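What follows is each chain in one-letter form.
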Amino acid sequence: MHSDTVPTAAYEIAGRRWVKGAPGFAEAIADAFAQQRRPRCLCQQVETGKGIEMYVARLIDGYIVKRMPNTGSQHATSCLSYEPPAELSGLGGLLGSAISENTATGKTTLKLDFPLTKILGRSRLPSANRHSGSVATEGTKLSLTGLLHYLWDQAELTRWRPSFKSKRSWATVRKHLLQATQHKIASGSELQNVIYIPEVFCVEQRDAINARRLVHWGQALLTQGQKQQLILLIGEVKAIERDRYGYKVVVKHVPDQAFAIDECLYRKLGRCFERELALWGASEVTHMVMISTFSVSAGGMPSIQELSLMPATAQWIPVESAFELQLIDTLVKEGRAFTRGLRYGTFPLQALASAILTDTSASPCPLYVLSQPGSEDDTPQMLPTSPSPWVWHTSYGGMPQLPAKQRPFSSFKEVAQV
């Protein structure tokens, strides 16, 4: 009988092997940082000790070993540092331009194509483009959609393991998203300082929760004669509806304060996100995640300036269609291990991998869902030949049989990350 979990990651540091979290490990990586030594991950070559080069970044309360940029696919699929090849998602075209990681400081600079400040009298509406949802991107900057996908990836909410079942709540999602914002710089600001992710609401803690929210929003209060700071919001939508003065978005875990949207934005919302809203409405267990920028009036009322929507499964795994929803639900029910590919708001000619199985063999297996001929999504798509893909042509009938497991799944990160 096997387990889904194995001991944590192993590294080689200055000629000595270390297991993450072992006594003395924290001191070893602190010394590696001071001596500018690069640890090596031993996920692929434990016997020889010749691993994959990593680096040490400094945190407020210690140090952390991180993978070198663009090396995630070199790691074993069971390794905590594994990441599918960038070409299997929309990430590839953004690395080095919209997303730049500094291995000396451990900080990542994000170039955004939307503002985090507002000039009075100007408003910004999402594009009607159905792919990017919020605003069209040329690949050199992150749209709102692209930023949400990036943070979802960084929080590892695109990963699924059998032992995650029943463990991924909004509290877990929020925790990992907040961790993902650390050491990220956007528009000259620390991302964690300009983002609001609602904490789990509790009636008994209502006053304390609201007080913390108002303090956080204080940076965005309207100041006469100055540019107004905007706040980023990531939350789950409960409702989008008319109120007595206009329209509003109700966010789960923020029951005491709705977010106002003007009529133009409301009407354009229905056009831009028709498919996403239909998918959300068709299933009671589907989550609707919203990322937006919002301002706060002098009276403390929040108003959304720009937004994007992302449907997700009951396990908070993003999906774009009912066919993808069926695929992801099947993978979860069958106890498979996989990573979800995300589009990042770009327009790749290459088809997006709906999921990448990591329990099939030493090589991951990308899964593709191709639309029906003649549909609005029927555009020329090139599939990679390596690794060999699994393809579901939805116009040809039901979902084909999934690739079989080649080995029991194990993961370095299974114990700590859900």
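Refer to the structure printed above.
Below or above, wherever it landed, is the structure these notes cover. Because the structure is a prediction, the values reported are computed rather than measured. (Residues numbered from 1 in each chain as written. Predicted model: local features only at pLDDT ≥ 70, side-chain atom pairs only at ≥ 80, totals over all residues. Heavy atoms only, no water.)

## Examining the overall build of the protein chain
Right, so step 1: When helices and strands are counted, the protein chain shows 7 helices and 22 strands.
Right, so step 2: Buried residues in the protein chain amount to 50% of all 418 residues.
Right, so step 3: For the protein chain, the proportion of contacts with a sequence separation of at least 24, taken over those separated by at least 6, is 61%.
Right, so step 4: Accessible surface computed for the protein chain: about 19,600 Å², of which carbon and sulfur atoms make up 50%. (Helix = DSSP H or I, 4+ residues; strand = E, 2+ residues; numbered from the N terminus. Buried < 20%, exposed > 50% of the residue type's maximum accessible area, 1.4 Å probe, protein only. Contact = heavy atoms within 4.5 Å. Areas by Shrake-Rupley, 256 points an atom, 1.4 Å probe, with all protein chains shown as cover.)

## A few points about the pairing of strand β14 (residues 231–242)
Right, so step 1: The sheet contact formed by strand β12 (residues 195–196) and β14 spans 2 bridges and is parallel. Following the sheet pairing, I195 is matched in β14 by L232.
Right, so step 2: Two elements, β14 and strand β17 (residues 287–296), share 6 bridges in a ladder whose sense is antiparallel. The residue bridging I234 from the neighbouring strand is I291, located in β17.
Right, so step 3: Sheet topology places β14 next to strand β15 (residues 247–251); 5 bridges connect them, and they run antiparallel. (Pairing = 2+ DSSP bridges.)

## Topic: the pattern of salt bridges
Right, so step 1: Under the defined criterion, the tally for this structure stands at 15 salt bridges.
Right, so step 2: Between K66 and E101 there is a salt bridge, with its nearest N and O atoms 3.8 Å apart. Note that K66 is positioned in strand β5 (residues 62–67) and E101 in strand β6 (residues 99–102), a separation of 35 residues in sequence.
Right, so step 3: Classification of E101 as partly exposed rests on a relative accessible area of 31%.
Right, so step 4: A salt bridge links R267 to E263; the nearest nitrogen and oxygen atoms lie 2.7 Å apart. Separated by 4 residues within a single helix, R267 and E263 lie in helix α5 (residues 263–272), roughly one turn from each other.
Right, so step 5: The partly exposed category is assigned to R267, whose relative accessible area is 45%. (Salt bridge = Lys/Arg side-chain N within 4 Å of Asp/Glu carboxyl O.)

## Structural notes on the packing of α5 against helix α6 (residues 274–282)
Between two packed helices, both the angle of their axes relative to each other and the distance between the axes serve to describe the pair.
Right, so step 1: One way to put it is that α5 packs onto α6 with a least axis distance of 5 Å and a crossing angle of 80 degrees. What the angle tells us is that α5 and α6 run roughly perpendicular. Residues L269, G270, R271 and C272 of α5 form the contact with α6, whose participating residues are E274, E276 and L277.
Right, so step 2: Of the residues belonging to the contact of α5 with α6, the class tally is 3 nonpolar, 1 polar and 3 charged. (Axes fitted to C-alpha atoms, helices over the stretch in contact; angles between N-to-C directions. Parallel < 35°, antiparallel > 145°, perpendicular 65-115°, else oblique. Nonpolar A, V, L, I, M, F, W, Y, C, P; charged D, E, K, R; others polar.)

## Points about the sheet that holds strand β3 (residues 40–41)
Right, so step 1: Strand order across the open sheet formed by 5 strands is β2-β1-β3-β4-β5, with antiparallel pairing between neighbours. Every interior strand has two partners, whereas the edge strands, β2 (16–19) and β5, have only one.
Right, so step 2: Examined bridge by bridge, strand β4 (residues 52–59) and β5 share 6 bridges and lie antiparallel to one another. Pairing of A57 across the sheet is with I64, part of β5.

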